[in-house]
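The lines below spell out each chain.
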Amino acid sequence: MITKFDSSYYGTADMENLGYKGTPINERNYSQKELQKALHKVVQYAKCMDERGYNTFWMAEHHFQPEGTELIPNLLMMAMHLCGVTKNLKIGCGFNIVPMWHPLRLAEDYAMADILTGGRVIFGVGRGYHTREVETFGSPLLDQQANREIFEEGVEVIFKAFEGKPFSHKGKYYTIPPEVPYRGYTLKEITLVPGPERLPVECWQPIQSGSERAFDFMAKYGISGVIGGGSAEGGAVERHLIGFQQAYAKRGIKLELGERLALGYQFHISSSREQAIKEAAPHYEENMKMFGELRLVRALTDEQIEAMRNPAMIGTVKLPTIEDAVKAGGFLAGRPEDIIEQLKAVEKRYPGIDRVICATPLGTPLDVQLEDLDRFAKEVMPAFGAGKTATRAAAE
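So, how was this worked out
Residues numbered from 1 in each chain as written. Predicted model: local features only at pLDDT ≥ 70, side-chain atom pairs only at ≥ 80, totals over all residues. Heavy atoms only, no water. pLDDT = per-residue confidence, 0-100. Contact = heavy atoms within 4.5 Å. Patch = residues over 30% accessible without salt bridge, like charges linked within 9 Å, V, L, I, M, F, W, Y side chains within 5 Å. Areas by Shrake-Rupley, 256 points an atom, 1.4 Å probe, with all protein chains shown as cover. Salt bridge = Lys/Arg side-chain N within 4 Å of Asp/Glu carboxyl O. Helix = DSSP H or I, 4+ residues; strand = E, 2+ residues; numbered from the N terminus. Axes fitted to C-alpha atoms, helices over the stretch in contact; angles between N-to-C directions. Parallel < 35°, antiparallel > 145°, perpendicular 65-115°, else oblique. Buried < 20%, exposed > 50% of the residue type's maximum accessible area, 1.4 Å probe, protein only. Polar contact = N/O pair within 3.5 Å; in protein donor to acceptor, adjacent residues only side chain to side chain. Expected span 1.5 Å × (residues − 1). Left-handed = near helix turned anticlockwise from the far one by under 90°. Nonpolar A, V, L, I, M, F, W, Y, C, P; charged D, E, K, R; others polar.

Things to note about the confidence of the model for the chain
Phase 1 of the analysis: Taken over all residues, the pLDDT of the chain has a mean of 94, while the share at 70 or more is 96%.
Phase 2 of the analysis: Considering only residues more than four positions removed or in separate chains, one finds that residues 230-234, a stretch of pLDDT under 50, has 20 contacts.

Given below as structure tokens:
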């Protein structure tokens, strides 16, 4: 049963000339002043969620984007600030890119956030998908095998460190601690000090390919998964839910279908489904221009990717449409009652699902985002017994 309603926002500059026929993503370039404004938009977004009874605000770690698309480089720093200007909202790291960190620094920083915010920060790990980011920080991404190896070893170190006990680690990428002299003895073990207050640490990870290896790894460390957008009621997603469930079952942990998972949707509320589609189409297309070729939309052809880079090619090849996404179930568009109906169907189909992450696509203006958040909280969430409106009604 769905009881937790979240949203995500990655911090974007104010964009113009949106959609497939608009400015190509690689030609967008904003001033530092405009880029800086995005961090204040993040604060407004989080405050809106907090005031309306949402559960968790998810942010993503990204770097080096003068295009103005994803502008939060340090999730834990931002989370600490947001916990200071909100009251109840949890802040989710969706996700810390492990290959771009030394795992001990990431573990230390999270432990501080956990202690100082009273557990309001949720940990999350990912492998990364921007070569400009991961490779610039000195880690592999083009070499997917090496990227996976360093990610898995980094997570292993992090979970060892989280225990707050003396430990050592010798692997392909990390030797912790180095055997060096220290105050009259040679280091053999090291301890994360202080360790996180809440154990075991709640941790989330994105599900992309849905490989057996990935699911086994998540089950090994008790990691929960986010399945985002695309075709949230389609066969591929159901395959992921089943694979995740089976991986936990191998370790003797029985989960309901969808348990320890969150489904991610894009959404827009309007007077009708048709009107919502019309209003959100440019933002959906801008979102596709940004993420389509970054291993996140695997079905795209080279011709489709090239057309999304070049407005002159629009019309020469069929491109993904918001209508396709709505039909597949990954984009919730229409009146509040339309969205309620769709989510109730998901709830019935996947009885273990208790969390959904509903967000607006890239390029959506902040005023539209806040209006959507407000209407969703007031007109959708109460149907599931969630949000401030439902809380007040229960009290009365």
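Let's pick the thread back up.
Things to note about a nonpolar patch on the surface
Phase 1 of the analysis: Together, M80, M112, I115 and L116 give the surface a local cluster of nonpolar side chains, amounting to about 350 Å² of exposed area.
Phase 2 of the analysis: If you tally residues by element for the nonpolar patch, the top one is helix α3 (residues 103-116), at 3 residues.
Phase 3 of the analysis: Its place among the elements puts I115 in helix α3.

Some points on the packing of helix α5 (residues 144-162) against helix α6 (residues 212-221)
Phase 1 of the analysis: Direction vectors running N to C along α5 and α6 enclose 10 degrees, while the axes themselves pass 11 Å from each other. It follows from the interaxial angle that α5 and α6 lie roughly parallel. Every residue of α6 that contacts α5 at Q145, R148, E149, F151, E152, V155, E156 and F159 is listed here: R213, A214, F217 and Y221.

Comments concerning the environment of T186
Phase 1 of the analysis: Relative to the assigned elements, T186 resides in strand β9 (residues 185-186).
Phase 2 of the analysis: Using a relative accessible area of 38% as the deciding quantity, one classes T186 as partly exposed.
Phase 3 of the analysis: Apart from residues lying up to four places away in sequence, T186 is in contact with E179, V180 and P181.

Some remarks on the side chain of S7
Phase 1 of the analysis: Among the structural elements, S7 can be located in strand β1 (residues 4-8).
Phase 2 of the analysis: Judged by its relative accessible area of 0%, S7 is buried.
Phase 3 of the analysis: Among the polar contacts made by the side chain of S7, one reaches the side chain of Y45 at a distance of 2.7 Å.
Phase 4 of the analysis: Ignoring sequence-local partners within four residues, the contact set of S7 consists of Y45, M49, T56, F57, W58, I357, C358, A359 and L373.

Some points on α3
Phase 1 of the analysis: A rise of 1.5 Å per residue sets the reference length of α3, with its 14 residues, at 20 Å; its end C-alpha atoms lie 20 Å apart and thus fit the reference within 8%.
Phase 2 of the analysis: Those residues of α3 hidden inside the fold are in contact with α2 (75-85), β4 (96-97), β5 (121-126), α5 and β7 (175-176).
Phase 3 of the analysis: A positive phi of about 65 degrees marks G118, the residue just after α3.

Observations concerning unusual backbone geometry
Trans peptide bonds make up most of the peptide bonds, and negative phi angles are found at most residues other than glycine.
Phase 1 of the analysis: Following I176, the chain continues into P177 via a peptide bond in cis, with omega recorded as -10 degrees.
Phase 2 of the analysis: Structurally, P177 can be placed in the loop between β7 and β8 (181-182).
Phase 3 of the analysis: The omega torsion across V193 and P194 is -10 degrees, close enough to zero to call that bond cis.
Phase 4 of the analysis: Positioned with a positive phi, F64 is a non-glycine residue whose angle comes to about 60 degrees.

A look at the packing of α3 against α5
Phase 1 of the analysis: Two elements in contact, α3 and α5, have axes separated by 9 Å at closest approach and are oriented at 45 degrees. When the axis of α3 is compared with that of α5, the two are oblique. Classified by chirality, the crossing of α5 by α3 is right-handed. For the pair formed by α3 and α5, the contact residues are P103, L104, L106, A107 and Y110 on the first element and G154, V157, I158, A161 and F162 on the second.
Phase 2 of the analysis: Taken together, the residues of the contact of α3 with α5 break down into 9 nonpolar, 1 polar and no charged.

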